[in-house]
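Observations on the model geometry
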Number of protein chains: 2
Amino acid sequence: MSTERVIHLASQVRERANALIVAELERRGAAGLAPSHGAILVQLYRQGPLPMNRLASLIGRKKNTLTSLIAKLEALGYVARQPDPKDSRVSLIAPTDQARRFRRDFEEISRLLLDKAWGAMPPDQREALVRGLEQVANNLG
Amino acid sequence: MSTERVIHLASQVRERANALIVAELERRGAAGLAPSHGAILVQLYRQGPLPMNRLASLIGRKKNTLTSLIAKLEALGYVARQPDPKDSRVSLIAPTDQARRFRRDFEEISRLLLDKAWGAMPPDQREALVRGLEQVANNLG
DNA sequence: TTGGTTTGGTTCGATGTCGAACCGTAAGGC
DNA sequence: GCCTTACGGTTCGACATCGAACCAAACCAA
């Protein structure tokens, strides 16, 4: 029964994908960034300035984790905090020009990752795999 | 195209599986153990005393990580080190009686995890999913 | 035999992540 | 208008994990 390997395989896929992301980031001059930092920037590209709380749920991390992730992005000059005029508790996280300069790279990395992951697998098998994974993820939820 | 979600889904499966393992370990009185600790004990159950190097490759972690994982297991009384008569560099890691007392729990957790993950998915779909994941993992390797 | 290389393990520092406790501000009930 | 509750963020301590540097024992070649 090879079905015992699901969890291990899922972990392996995640780890290798992360390794590829980190390597590509470094290769393109964005050294020191982890996949979570990339995920944050992608959200900021798509949606503009966002409160940390929203970012946390978007990338699936806890809010205190976001505090340190954002601190690093800020220190490296990728994001800036601006106050929310509507709610003085929230600080809106906005991408800087430097972050915008990397936008294309992030999009390319995303495409490259998917291309490499899927390889020559036909579309119907891809869909089936995603559906199956969704099922397993739901079952574990 | 929902196929963009593969990586995220794989991560989710891994995280939820890990959460379930940790919760079950705690529920059964083995609090403070992470999935990696469980993976080590499972290997020791199956194969008896093993050098750290071998354990590292078996559970897919680096050797310096093993050092700290074993240190914890040793501090909690689950494993003991014994010298290897054939090679004085290696210290063989052996499960203690306390570890053996948890063996059934680990096996139950393993079964429970798989049962919950697969749910009602029919066997052929399970096989297809594993095959697909293997393909993706290989593509990323 | 001896000196260089390989190999098993540890140490050190860094990092992403979390839970728990905490602080200030907003919102809602009375 | 107060007081309680909810909520956004930070701080603190803990932990698994890694890379790099290191040590000591084993292996090997000349």
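Below you will find a few notes about this structure. (Residues numbered from 1 in each chain as written. Chains lettered and ligands numbered in written order. Predicted model: local features only at pLDDT ≥ 70, side-chain atom pairs only at ≥ 80, totals over all residues. Heavy atoms only, no water.)

Points about the interface of chain A and chain B
This is how it is decided: We call two residues contacting when some pair of their heavy atoms lies within 4.5 Å. By definition, the buried area sums, over both parts, the 1.4 Å-probe accessible area that each loses when the two are put together. The salt bridge criterion pairs a side-chain nitrogen of Lys or Arg with a carboxyl oxygen of Asp or Glu, the two atoms within 4 Å. N or O atoms within 3.5 Å of each other form a polar contact, as long as, within protein, one can give a hydrogen and the other can take it, and as long as residues adjacent in sequence are counted only when both atoms are side-chain atoms. Only runs of H or I of at least four residues qualify as helices and only runs of E of at least two qualify as strands under DSSP, and these elements are numbered from the N terminus. Throughout this entry, Asp, Glu, Lys and Arg are counted as charged residues, while Ala, Val, Leu, Ile, Met, Phe, Trp, Tyr, Cys and Pro are counted as nonpolar. The remaining residues, Gly among them, count as polar.
Contacts between chain A and chain B engage 38 residues on the former and 38 residues on the latter. Of all residues in chain A, Val13(A), Leu133(A) and Leu140(A) give up the largest surface area on contact with chain B, accounting jointly for 16% of the area buried on that side. Our enumeration of links across chain A and chain B arrives at four salt bridges. Across the salt bridge formed by Arg5(A) and Glu134(B), the nearest N and O atoms sit 3.3 Å from each other. The interface formed by chain A and chain B contains eight residue pairs in polar contact (both at pLDDT 80 or more). Those elements that place two or more of their residues in the side of chain A that touches chain B are α1 (6-27), α6 (103-118) and α7 (123-140) of chain A. When residues of the side of chain A that touches chain B are assigned to their parent elements, the largest contribution, 13 residues, is made by α7(A). Considered class by class, the residues forming the side of chain A that touches chain B number 18 nonpolar, ten polar and ten charged.

A few points about helix α1 (residues 6-27) of chain B
Since there are 3.6 residues in each turn of an α-helix, residues three or four apart along the chain are aligned in direction. Here is the rule: What a helix is expected to span follows from its residue count: subtract one and scale by 1.5 Å. Accessible area is worked out with a 1.4 Å probe on protein chains only. A residue is then buried under 20% of its type maximum, exposed over 50%, and partly exposed in between.
Over its 22 residues, α1(B) runs 31 Å from end to end, which matches the ideal 32 Å to within 8%, given 1.5 Å per residue. Inspection of α1(B) places Val6(B), Ile7(B), Leu9(B), Ala10(B), Ser11(B), Val13(B), Arg14(B), Ala17(B), Leu20(B), Ile21(B), Glu24(B) and Leu25(B) among the buried residues, and these make up the whole buried set. Residues of α1(B) that are buried make contact with α1, α6 and α7 of chain A together with α2 (35-47), α6 (103-118) and α7 (123-140) of chain B. Within two residues after α1(B), Gly29(B) carries a phi angle of roughly 95 degrees, on the positive side.

Details of the sheet that holds strand β2 (residues 79-84) of chain A
All names here are of chain A. To be explicit about the condition: By the convention used here, strands pair only if DSSP detects at least 2 bridges between them.
Spatial ordering of the open sheet is given by β1-β3-β2, a layout of three strands whose pairing is antiparallel. What marks the edges here is a single partner per strand, and that holds for β1 (50-51) and β2. Alignment of β1 against strand β3 (residues 87-95), held across two bridges, turns out to be antiparallel. When the sheet's bridge partners are listed, Leu-50 is paired in β3 with Ile-93.

Considering the protein's contact with DNA strand C
Our working definition: For this description, a residue counts as near a given molecule or strand if any of its non-hydrogen atoms is within 4 Å of it.
Asn64(A), Ser88(A), Asn53(B), Lys63(B) and Arg81(B) are the nearest of the 23 residues found near DNA strand C. By atom count, sugar and phosphate contribute 64% of the portion of DNA strand C lying within 4 Å of the protein. A distance of 3.1 Å is found between a phosphate oxygen of DNA strand C and a side-chain nitrogen or oxygen belonging to Lys72(A). Measuring from a phosphate oxygen of DNA strand C, one finds a side-chain N or O atom of Thr67(B) at 2.9 Å. For the surface near DNA strand C, the secondary structure elements donating two or more residues are α2 (35-47), α4 (63-75) and β3 of chain A together with α3 (52-59), α4 (63-75) and β3 (87-95) of chain B. A total of five residues in the surface near DNA strand C trace back to one element, the largest contributor, which is α4(A). Residues belonging to the surface near DNA strand C are distributed by class as follows: five nonpolar, ten polar and eight charged.

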